[in-house]
Amino acid sequence: MDVTTLAEVSGNVNTLGYGLATLGPGLGLGILIGKTIEGMARQPEVAGQLRATMFLGVAFVEVLALLGLVAGFLFS
């Protein structure tokens with residue numbers, strides 16, 4: 001194997017790694033938003049509080065996706 005082939009394989013592995021890293025935040029967002037909507041349907045009087053808490057949770061979950069992206073660039 002020459003150097004260019006190793007670089008191509010390394011790039012493909014980094015892309016695959018970031019693709020797998022997006023699964024966690026994607027699942028997390030789905031569960032978080034789904035449970036918030038379920039909570040709003042069960043108790044509409046706390047919808048504002050649930051929405052505010054959901055946005056905070058969404059921010060933390062999105063940080064995980066950004067960490068995966070940055071880690072892909074750092075370790076390439």
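Note that the structure is predicted; figures quoted are calculated from it, not measured.

Chemist: What is the right way to look at helix H3 (residues 47-74) in this model?
Modeler: An α-helical turn contains 3.6 residues, so a residue and the one three or four places further along point in the same direction. Look at H3: 40 Å from first C-alpha to last across 28 residues, which is about the 40 Å you get at 1.5 Å a residue. Considered for burial, the residues of H3 that qualify are Ala47, Met54, Gly57, Val61, Ala65 and Gly68.

Chemist: Just to check I follow, could you spell out the pattern of salt bridges for this structure?
Modeler: Oppositely charged side chains can pair when the atoms bearing their charge come close. For the structure shown, the criterion picks out two salt bridges. A salt bridge links Arg42 to Glu38; the nearest nitrogen and oxygen atoms lie 3.5 Å apart. In this pair, Arg42 and Glu38 both sit in helix H2 (residues 23-42), four residues apart, roughly one turn of the helix. Using a relative accessible area of 35% as the deciding quantity, one classes Glu38 as partly exposed.

Chemist: Mind showing me how you'd approach a nonpolar patch on the surface here?
Modeler: A contiguous nonpolar surface patch, about 320 Å² in accessible area, is contributed by Leu16, Leu20 and Leu23. Position of Leu20 among the secondary structure elements: in helix H1 (residues 3-21). Residue Leu20 is classed as exposed on the basis of its relative accessible area, which comes to 55%.

Cut-offs and rules
Residues numbered from 1 in each chain as written. Predicted model: local features only at pLDDT ≥ 70, side-chain atom pairs only at ≥ 80, totals over all residues. Heavy atoms only, no water. Helix = DSSP H or I, 4+ residues; strand = E, 2+ residues; numbered from the N terminus. Expected span 1.5 Å × (residues − 1). Buried < 20%, exposed > 50% of the residue type's maximum accessible area, 1.4 Å probe, protein only. Salt bridge = Lys/Arg side-chain N within 4 Å of Asp/Glu carboxyl O. Patch = residues over 30% accessible without salt bridge, like charges linked within 9 Å, V, L, I, M, F, W, Y side chains within 5 Å. Areas by Shrake-Rupley, 256 points an atom, 1.4 Å probe, with all protein chains shown as cover.

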